[in-house]
Amino acid sequence: MKKTMIGAAMLLPAILFAQDKKAASTGKPFTIQGSVSQQKTPATIYLRMRKGGESVVDSAQVKDGKFTFTGSLEEPNMASLMLVQKGAEKPMSMGRDMLAVFLDKGTININTTDSISKATVSGSKANDDYKKLNEQLKDVNEKGAVLQKAYRELSKNKDEEGIKKLEAQYDSLDVEEKKIEHDFLSKNTSSPIAMFVLNQVAGYDLKPAEITPLFKKLHKEAKNSPSGKEFSKRLESARKTAVGQSAIEFSQADAEGKDISLASFRGKYVLVDFWASWCGPCRAENPNVVKAYDKFKSKGFEILGVSLDDKKDKWLAAVEADKLTWTHVSDLKGWKNAAADLYGVRAIPQNVLIDPKGKIVAKNLRGEDLVAKLEEILK
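Residues numbered from 1 in each chain as written. Predicted model: local features only at pLDDT ≥ 70, side-chain atom pairs only at ≥ 80, totals over all residues. Heavy atoms only, no water.

### As for the UniProt feature "coiled-coil region" (unreviewed entry) in the chain
Those residues carrying the UniProt feature "coiled-coil region" (unreviewed entry) are residues 123–183 in this numbering. The annotated region residues 123–183 carries 90% helix and 0% strand content, and the separation between its end C-alpha atoms amounts to 25 Å. (UniProt positions renumbered as here; feature names shortened; annotations may be inferred. Helix = DSSP H or I, 4+ residues; strand = E, 2+ residues; numbered from the N terminus.)

Put into structure tokens, the structure is as follows:
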């Protein structure tokens, strides 16, 4: 809830239903039979979904009030449908006439009079379960919408104190949301949306001790699905990078092409900071990181910035613009950054605080939490 509302993280696109391209081509067929009975003017329906680990968009014309999509699925997949009137700007963003739908194998019927957002969906067990979960989350979502509106207003007025108070309400609502999703999973271990819900519960900062028991209870079909296998890898990565574990060693090139190793920081507290120039929440957090660095760099604190950029000029321009005066590295492979993969990074900003002996002592410290932790250990 909180990360979605406030935008504290940029989620990796392949986090929920990552599939390899071979799997995507050998999936089971699905058909969407749709109708917009009162549609009098030409219109287009856009279908957005994940396939082969990437976001893809298909389109179909509404003819005589009807439209059809066909494709293949390796497993139930979250998708969105958008209705666009002829002459309207082609929208590929949220907030338009849209419908979120969980696709499943077989034939899915989607019917409405005029607005796709008001359509009824039948023929998809996955969507039936998704609708059931959303009904249970209705109260939480309504409260979240109110908080979101309040946050936008506070942000507009740059009311930091008000935002701070609001975050406590977000945290409380997040706990409520996770409990509902947790209960849903416990009662629906073989649901076709089980892995989707588990990813929601786990969030981007996966806690293995909390999440492993839930994953183990799921039906073997869910655990053996593409998203189940991907999640299993996330769990293993989270175990290896949990607080108390030895930091995983890596090296990457800096802007001059010189290899910089994590081991070279041994003997100091080092914050490995995963970020990117294009990540808004990362750039918003950078002033806090600068403040912490300036305050503690004389006491044995260092930062190793790992950029998930793929364009060197934009990476270095952001480093200069944000006055990030510590060491920076990147392999310029974007989300496929090798160090980020080692640490199971599925969202940014993320960070790992490592002690002088190479042990992980904290993760994902933000704002005042980073300063407070450094004050605790660097007395």
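### Brief notes about helix H9 (residues 226–240)
Here H9 contains 15 residues, and its C-alpha end-to-end distance of 22 Å stays within 8% of the 21 Å for a straight helix at 1.5 Å per residue. Three or more residues of H9 are buried, namely Pro-226, Ser-227, Gly-228, Glu-230, Phe-231, Arg-234, Leu-235, Ser-237 and Ala-238. Each element contacted by the buried residues of H9 is listed here: helix H6 (194–202), helix H7 (208–217), helix H8 (220–223) and helix H12 (338–342). (Expected span 1.5 Å × (residues − 1). Buried < 20%, exposed > 50% of the residue type's maximum accessible area, 1.4 Å probe, protein only. Contact = heavy atoms within 4.5 Å.)

### Considerations on the sheet that holds strand S2 (residues 28–36)
Two strands in a sheet stick together by hydrogen bonds in their backbones, pointing the same way (parallel) or opposite ways (antiparallel). Here we have 4 strands laid out as an open sheet, ordered S5-S2-S8-S9, and mixed in their pairing. Edge positions in the open sheet fall to strand S5 (66–73) and strand S9 (120–122), since each of these has one partner strand only. Between one strand and the next, the sheet's axes are offset by a mean angle of 15°, whatever the strand orientation. As defined by bridge partners, S2 adjoins strand S8 (residues 106–112) across 7 bridges and the pair is classed as parallel. By the bridge assignment, Gly-34 is partnered in S8 with Ile-110. (Pairing = 2+ DSSP bridges. Axes fitted to C-alpha atoms, helices over the stretch in contact; angles between N-to-C directions.)

### Focus on the pattern of salt bridges
Inspection of the entire model under this criterion finds 16 salt bridges. One salt bridge in this structure joins Asp-129 and Lys-125, with 2.8 Å as the shortest N-O distance. Of the two residues, Asp-129 and Lys-125 are both situated in helix H3 (residues 125–136); the distance of 4 residues between them amounts to about one turn of the helix. For Asp-129, a relative accessible area of 3% gives the class buried. With a closest N to O distance of 3.2 Å, Asp-139 and Lys-143 form a salt bridge. Note that Asp-139 and Lys-143 are positioned in helix H4 (residues 138–156) at a spacing of 4 residues, about one turn of the helix. (Salt bridge = Lys/Arg side-chain N within 4 Å of Asp/Glu carboxyl O.)

### Here we look at the domain arrangement of the chain
Reports often express the size of an interface as the amount of accessible area lost when the parts come together. Split by domain assignment, the chain resolves into domain 1 (28–121), domain 2 (127–239) and domain 3 (245–378). Taking the mean C-alpha position of each, domain 1 and domain 2 sit 25 Å from one another. Contacts between the two partners involve 9 residues from domain 1 and, on the opposite side, 9 residues from domain 2. Here domain 1 meets domain 2 over a buried area of about 760 Å², counting both sides, of which 64% is carbon and sulfur. Of all residues in domain 1, the largest losses of buried area upon contact with domain 2 belong to Glu-75, Met-78 and Phe-102, amounting jointly to 62% of the total for that side. One can count 0 salt bridges joining domain 1 with domain 2. Inspection of the domain 1/domain 2 interface yields 3 residue pairs in polar contact (both at pLDDT 80 or more). Here the element with the most residues in the side of domain 1 that touches domain 2 is strand S7 (residues 98–103); it accounts for 3 residues. (Domains from an automatic or database assignment. Buried area = accessible area lost by both parts, 1.4 Å probe. Polar contact = N/O pair within 3.5 Å; in protein donor to acceptor, adjacent residues only side chain to side chain.)

### Here we look at the pairing of strand S6 (residues 77–85)
Extensive coverage of S6 is indicated by the burial of 7 of its 9 residues. Pairing of strand S3 (residues 43–51) with S6, which is carried by 7 bridges, proceeds in the antiparallel orientation. Looking at S6, one finds that Tyr-46 is bridged to Met-82. When S6 meets S7, the two strands line up antiparallel, connected through 6 bridges. The residue bridging Met-82 from the neighbouring strand is Met-98, located in S7.

### Some points on the nonpolar core
The biggest cluster of nonpolar side chains holds 46 residues, and the ones touching the most others in it are Leu-262, Phe-274, Phe-301, Leu-304, Tyr-343 and Ile-354. Secondary structure elements with two or more residues in this core: strand S12 (269–275), helix H10 (280–296), strand S13 (301–307), helix H11 (312–321), H12, strand S16 (350–354), strand S17 (360–363) and helix H13 (367–377). With residues up to four places along the chain from it excluded, the contact list for Phe-301 reads Tyr-269, Leu-271, Ala-292, Tyr-293, Phe-296, Leu-353, Leu-374 and Leu-378. (Core = buried A, V, L, I, M, F, W, Y, C linked by side-chain atoms within 4.5 Å.)

### So, the side chain of Ser-191
Inspection of the secondary structure puts Ser-191 in the loop between helix H5 (160–187) and H6. Judged by its relative accessible area of 6%, Ser-191 falls in the buried class. Among the polar contacts made by the side chain of Ser-191, one reaches the side chain of Asp-129 at a distance of 2.6 Å. If we ignore the near neighbours within four places in the chain, the residues touching Ser-191 are Asp-129 and Phe-184.

### Considering empty space enclosed by the protein
Taken as a whole, this structure holds 3 cavities of 30 Å³ or more when the rule is applied. Volume-wise, the largest cavity comes out at about 60 Å³. Taken together, Ala-247, Glu-249, Leu-262, Phe-265, Arg-266, Lys-268, Val-270, Ile-354, Asp-355 and Gly-358 make up the full set of residues lining the largest cavity. The residue makeup of the lining of the largest cavity, split by class, is 5 nonpolar, 1 polar and 4 charged. Here the second largest cavity is characterised by a volume of approximately 40 Å³. Surrounding the second largest cavity, Asp-273, Trp-275, Cys-282, Glu-285, Asn-286, Val-289, Pro-349, Asn-351 and Arg-366 form its lining. Listing elements by their share of the lining of the second largest cavity, those giving two or more residues are S12 and H10. Among the elements that take part in the lining of the second largest cavity, H10 stands out by supplying 4 residues, more than any other. Taken together, the residues that form the lining of the second largest cavity break down as 4 nonpolar, 2 polar and 3 charged. (1 Å grid on protein atoms, 1.4 Å probe; cavity = no way out; pocket = protein on both sides within 12 Å on 5 of 7 lines; lining within 4 Å. Points joined across faces, edges and corners; volume = space filled by probe spheres on them. Nonpolar A, V, L, I, M, F, W, Y, C, P; charged D, E, K, R; others polar.)

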